Amino acid sequence: MKKLLLFTISILLTLSIDAQTFNRSELPTTVSKPWEITYGPDDFLWITESGGQVSRINPSDGDKTVVYIAPDYFEGSSLEDSPLCPNLSIGSGTLGLALHPDFSNPLTSFIYFVYSYNSGTEQTPATKFRIKRLKWDSPSNSVVSDSNIVNLITTGYDHFGGRLLAIKQNNVPYLFLTIGDNGRSEATSPECYVPQSTNPNNYTQDVTTQNGKIHRFNMDGTVPSDNPIAGNSFYTRGHRNPQGLMYNPNSQTIYAVEHGDNTDDEINILYKGMNYGWKNVRGYHDDDSFPEEDIFVANYVPHPQIANDALVEPLYSWCTTPDTSSA
């Protein structure tokens, strides 16, 4: 269990410089494995917690209200454990949350969050993730309806992504979801996939798979007509484990933060349809940290269905010295 910390920022303007002071206070709120925390336009904190739970916290006094618990939340089953790696369980949990860009409008006061459920049976479990949409009613401070808008989201033994971002592009609202490559890194866990071709991290650039992608949906879970490939939810591909998304509405720039393997954590700017190279390219387009990376870049063949398809370098990459202790 953790205590939730609230940081309040007051900005003091002077004639010469902008100075900042920080006041730190600790709320008495008890939370269970919080994954997402979002500051809403209602001046409340919205968080996801373990067990498929969504909570709303008053930042003034720390009072917490559990607004929803997914009745079909599923933590995975031991029947899904890796047959090759002992104690390696299928990915599950309560992940990202986002509020509709027009959350203050009673007609669009929707909450979106990601959690795991069983798409199979008790005897033959099949853990997947889904995006659920909740309708929030401000007068009663309660969820009045719910619907599953994106189902059968892939999972694996590692690197699940799970971040949600709800924004407007050209005044049209969209929902973005990150999905990691779902595979263990062969550098540290070569025994987990035999042969290595069965490792899902080999398919992050494959447009027919969900993993290793950042996906874009309409706010009802359908696929936008102007996505890179018609009928396909992917927006960008070739990602390892993107778990940070941020949007600058002034420049309409989407930033993504991505965990590297043994090298090269990345900050990327997302361009529709583009390929960010994992696992053939790590960090910048050089061979400093990964042999033959420059050969892959030089011989890259654009996808015939994607307009202006190209490999994109990160805005910034760091940690270029291999660290074999990471997974």
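Higher on the page you've got the structure.
The rules behind each value
Residues numbered from 1 in each chain as written. Predicted model: local features only at pLDDT ≥ 70, side-chain atom pairs only at ≥ 80, totals over all residues. Heavy atoms only, no water. Helix = DSSP H or I, 4+ residues; strand = E, 2+ residues; numbered from the N terminus. Rg over C-alpha atoms; globule rule 2.2 N^0.38 Å. Contact = heavy atoms within 4.5 Å. Lys, Arg positive; Asp, Glu negative; His and termini not counted. Charge placed at Lys NZ, Arg CZ, Asp CG, Glu CD. Pairing = 2+ DSSP bridges. Axes fitted to C-alpha atoms, helices over the stretch in contact; angles between N-to-C directions. Salt bridge = Lys/Arg side-chain N within 4 Å of Asp/Glu carboxyl O. Buried < 20%, exposed > 50% of the residue type's maximum accessible area, 1.4 Å probe, protein only. Disulfide = S-S within 2.5 Å. Core = buried A, V, L, I, M, F, W, Y, C linked by side-chain atoms within 4.5 Å. Phe/Tyr/Trp six-rings, centres within 6.5 Å; stacked < 30°, edge-to-face > 60°.

Colleague: Explain the overall build of the chain here, please?
Modeller: Per the secondary structure count, the chain includes one helix and 18 strands. Taken over the C-alpha trace, the chain has a radius of gyration of 21 Å; the compact-globule value for 327 residues is 20 Å, and the two agree within 12%. Viewed in the frame of its principal axes, the chain has a C-alpha envelope of about 65 × 55 × 40 Å. Considering only intrachain contacts with a sequence separation of at least 6, the fraction spanning at least 24 residues in the chain is 54%. Averaging the positions of the 21 positive and the 37 negative side-chain charges in the chain gives two centres separated by 7 Å.

Colleague: How do you make sense of the sheet that holds strand β16 (residues 253–259) when you look at a structure like this?
Modeller: Hydrogen bonds between backbone atoms are what pair the strands of a sheet, whose relative direction is either parallel or antiparallel. On the basis of which strands lie adjacent, the open sheet formed by four strands has the order β15-β16-β17-β18 and antiparallel pairing. Looking at the sheet topology across the chains shown, the edges are occupied by β15 (241–248) and β18 (316–318). The mean inter-strand angle of the sheet, taken between neighbouring strand axes irrespective of direction, is 15°. Relative to β16, β15 runs antiparallel, the two being bridged by seven bridges. Across the sheet, the residue bridging to Met-246 is Tyr-255, located in β16.

Colleague: I'm lost on the pattern of salt bridges in this one. Help?
Modeller: Side chains that differ in sign of charge can pair as their charged atoms come close. The full count for this structure, using the stated rule, is 12 salt bridges. Notably, a salt bridge pairs Arg-163 with Glu-36, separated by 2.9 Å at the nearest N-O pair. Note that Arg-163 is positioned in the loop between β10 (142–153) and β11 (164–169) and Glu-36 in strand β3 (residues 36–39), a separation of 127 residues in sequence. Here Lys-64 makes a salt bridge to Glu-49, at a shortest N to O gap of 3.1 Å. On the criterion of sequence distance, the pair formed by Lys-64 in strand β6 (residues 64–69) and Glu-49 in strand β4 (residues 45–49) is long-range, its members being 15 residues apart. For Lys-64, a relative accessible area of 27% corresponds to the partly exposed category. When its relative accessible area of 2% is taken as the criterion, Glu-49 is described as buried. One connected set of salt bridges, linked through shared partners, spans Arg-240, Asp-261 and Arg-282.

Colleague: Would you explain the pairing of strand β5 (residues 53–57) in this entry?
Modeller: Both faces of the sheet carry side chains from a regular strand, because those side chains alternate between them. Burial analysis of β5 places five of its five residues in the buried class, which makes it a mostly covered element. The alternating pattern of β5 places Gln-53, Ser-55 and Ile-57 on one face and Val-54 and Arg-56 on the opposite face, and all of these are buried. With five bridges connecting them, β4 and β5 associate as antiparallel partners. Across the sheet, residue Glu-49 finds its bridge partner in β5, namely Gln-53. Once β4 ends, the chain turns through three residues before running back antiparallel as β5, passing Gly-51 with a positive phi of about 80°. Pairing between β5 and β6: five bridges, direction antiparallel. Following the sheet pairing, Arg-56 is matched in β6 by Thr-65.

Colleague: Whenever I open this one, the state of the cysteines confuses me. Can you help?
Modeller: Linking two cysteines covalently via their sulfur atoms produces the bond known as a disulfide. Going through the model one piece at a time under the given rule, you end up with one disulfide. Bridging Cys-85 to Cys-192, the disulfide has an S-S length of 1.8 Å. The disulfide joining Cys-85 to Cys-192 has a torsion of about -120° about its S-S bond and is therefore left-handed. Placement of Cys-85 in the loop between β6 and β7 (94–99) and of Cys-192 in the loop between β12 (172–179) and β13 (213–217) is noted, with a sequence separation of 107 residues between them.

Colleague: Please explain the nonpolar core as it appears in this structure.
Modeller: Counting 17 residues, the largest nonpolar core has Tyr-112, Val-114, Ile-131, Ile-153, Leu-164, Leu-175 and Leu-177 as the members making the most contacts within it. The set of elements that each furnish at least two residues to this core consists of β7, β8 (110–118), β9 (127–137), β10, β11 and β12. Not counting residues up to four positions away in its chain, the partners in contact with Leu-175 are Ala-98, Tyr-112, Ile-131, Ile-149, Leu-164, Leu-165, Ala-166, His-215, Arg-216, Phe-217, Asn-218 and Met-219. Residues Trp-46, Tyr-68, Leu-99 and Phe-113 belong to the second largest nonpolar core, which totals 15 residues.

Colleague: Mind showing me how you'd approach the environment of Leu-175 here?
Modeller: On the secondary structure map, Leu-175 appears in strand β12. Judged by its relative accessible area of 0%, Leu-175 falls in the buried class. Spatially, the C-alpha atom of Leu-175 lies 35 Å from that of Cys-85, the residues being 90 residues apart in sequence.

Colleague: How should I be thinking about the packing of aromatic side chains in this particular structure?
Modeller: For any pair of aromatic rings, geometry is given as the distance between the ring centres together with the angle between the planes. Overall, the coordinates contain nine aromatic pairs when judged by the stated rule. Note on Phe-113 and Tyr-115: the rings are 5.2 Å apart at their centroids and 25° apart in plane angle, and the pair reads as stacked. Taken as a pair, Phe-113 and Tyr-115 share a single burial class, namely buried. Consider the rings of Phe-129 and Phe-160, whose centres lie 6.5 Å apart with planes at 45°: the pair is tilted. In this pair, Phe-129 is assigned in strand β9 and Phe-160 in the loop between β10 and β11, connecting sequence segments 31 residues apart. Taking the relative accessible area as the measure of exposure, Phe-160 reaches 23% and is therefore partly exposed. Counting every residue linked through ring pairs, the aromatic cluster contains Trp-46, Phe-103 and Trp-136.

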